Amino acid sequence: MKKINILGAMVDRVTMEEAVEKALGFLKEEGSHAIYTPNSEIVMAAYRDPSFCEVLNSGDLIIADGIGLVHASKILKEPLPERVAGFDLASRLIRESADGAHSLYFFGGRPGVAQKAIANLKAEYPNLSVSGFSDGYFDAEKEKTIIADIKEKKPDILFVCLGAPKQEKWIAAHRDELGVPLCLGVGGSLDVWAGEVERAPEKYQKAGLEWLYRLMKQPSRFFRMLELPKFGLTVLFKGKAVQTKGKRHE
Ligand code: UDP
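What counts and how
- Residues numbered from 1 in each chain as written.
- Predicted model: local features only at pLDDT ≥ 70, side-chain atom pairs only at ≥ 80, totals over all residues.
- Heavy atoms only, no water.
- Pairing = 2+ DSSP bridges.
- Helix = DSSP H or I, 4+ residues; strand = E, 2+ residues; numbered from the N terminus.
- Contact = heavy atoms within 4.5 Å.
- Axes fitted to C-alpha atoms, helices over the stretch in contact; angles between N-to-C directions.
- Polar contact = N/O pair within 3.5 Å; in protein donor to acceptor, adjacent residues only side chain to side chain.
- Buried < 20%, exposed > 50% of the residue type's maximum accessible area, 1.4 Å probe, protein only.
- Near = heavy atom within 4 Å.
- Areas by Shrake-Rupley, 256 points an atom, 1.4 Å probe, with all protein chains shown as cover.
- Nonpolar A, V, L, I, M, F, W, Y, C, P; charged D, E, K, R; others polar.

**Student:** Whenever I open this one, the sheet that holds strand 4 (residues 61–62) confuses me. Can you help?
**Tutor:** Backbone-to-backbone hydrogen bonds pair the strands of a sheet. The strands run either parallel or antiparallel. Within the open sheet, the 6 strands sit side by side as 4-3-8-7-5-6. Their pairing is parallel. The outermost strands of the open sheet, each flanked by one partner alone, are strand 4 and strand 6 (129–134). Pairing of strand 3 (residues 33–36) with strand 4 involves 2 bridges; the strand directions are parallel. Bridge assignment links Tyr36 to a residue of strand 4, and that residue is Ile62. Running over the sheet, helix 6 (residues 113–124) touches strand 5 (103–108) and strand 6 and is turned about 165 degrees from strand 6.

Laid out in structure tokens, this is it:
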């Protein structure tokens, strides 16, 4: 599968349909698989932290969750076919599991959020097979219980919603032990399924302005979003060098 090197992160050049096909294919294969969904902020974090970059690149499918990555791919002259939002991919996989064919486990979010999300999803898809859930705030002791619960419930798909880089590091550290066929790191998706956070209206998504909508709704994201111009400038000035030499240049 074709990949593009964006500041060291190896992003798969796939459409949404190809990503869905790939994800469903993982469920038929042996072993555990991980899908990561970086946006520009996360790629910038990986550029700064080589150990996180390695974690990100250990994913079996790495999709471009943010429009910034699509713009970057054009600057780097290897255009990504489209943005593949992690939330959209996760929602598609839930729809593909509507007949109960794949069991799902939801891990992350504040206490109570996963239950709300599951109730909403079950109202939409009554035959959905949900094998378990846990909130995403834990100490070492609670983490052991969560891991034991996932191992016991043996879901086919595990949605890990702890935010980046925590979720990617968590999946990379535990995927072999858990043996779940497919783990996805999908940030704030549980908040959206639970109705706690609104997804940007389609016109914002289509215009590539979902980041602006999120900023208006959650102004506390402002400082995180300062990473976006830094990302753009880094791609402009260092992106090609990283691409051709395959390593970071300070
Ligand atoms: N979260 C969590 N445990 C933590 C930190 C965060 O479960 O220790 C959850 C948080 O409740 C939220 C999600 O992770 O639901 C992160 O959401 P955000 O919108 O920041 O994620 P993004 O998709 O932007 O990475």
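**Student:** Help me out: how do you make sense of the side chain of Asn5 in this one?
**Tutor:** As for its position among the elements, Asn5 is in strand 1 (residues 3–6). A polar side-chain atom of Asn5 sits 2.7 Å from the main-chain amide nitrogen of Gly8.

**Student:** What is the right way to read helix 11 (residues 210–217) from this model?
**Tutor:** One turn of an α-helix holds 3.6 residues; hence residues three or four places apart share an orientation. Turning to helix 11, its buried residues are Glu210, Tyr213 and Leu215. Tucked into the core, helix 11 has its buried residues touching helix 10 (202–206) and helix 12 (222–225).

**Student:** What should I look at first to understand the environment of Tyr213 in this one?
**Tutor:** Note on placement: Tyr213 falls in helix 11. What makes Tyr213 buried here is its relative accessible area of 8%. The sequence separation of Tyr213 and Ala200 amounts to 13 residues, and the corresponding C-alpha distance is 6.0 Å. Contact partners of Tyr213, with chain neighbours within four places excluded, come to Glu198, Arg199, Ala200, Pro201 and Tyr204. Reaching out from Tyr213, the side chain makes a polar contact with the side chain of Glu198 at a distance of 3.1 Å.

**Student:** What is the right way to look at the environment of Lys230 in this model?
**Tutor:** Relative to the elements of secondary structure, Lys230 occurs in helix 13 (residues 227–245). C-alpha of Lys230 to C-alpha of Glu41: the two residues are 189 residues apart in sequence and 9.2 Å apart in space. Apart from residues lying up to four places away in sequence, Lys230 is in contact with Met44 and Arg48.

**Student:** What is the right way to look at the pairing of strand 2 (residues 9–12) in this model?
**Tutor:** Across a regular strand the side chains alternate sides, sitting on one face of the sheet and then on the other. Here 4 bridges tie strand 1 to strand 2, and the two strands are oriented antiparallel to one another. Looking at the pairing, Asn5 lines up with Met10 of strand 2.

**Student:** Before we go on, may I ask you to explain the site of the ligand in this structure?
**Tutor:** Taken together, 16 residues are adjacent to the ligand, and Gly109, Gly136, Lys166, Asp191 and Arg224 come closest. Here Leu162 contributes a backbone N or O atom positioned 3.5 Å from an oxygen atom of the ligand. In this structure, Gly188 approaches the ligand through a main-chain N or O atom, which is 3.2 Å from an oxygen atom. Considering the ligand on its own, with 550 Å² of exposed area, one finds that the protein chains cover 78% of that surface. Class assignment for the residues of the shell around the ligand results in 4 nonpolar, 6 polar and 6 charged.

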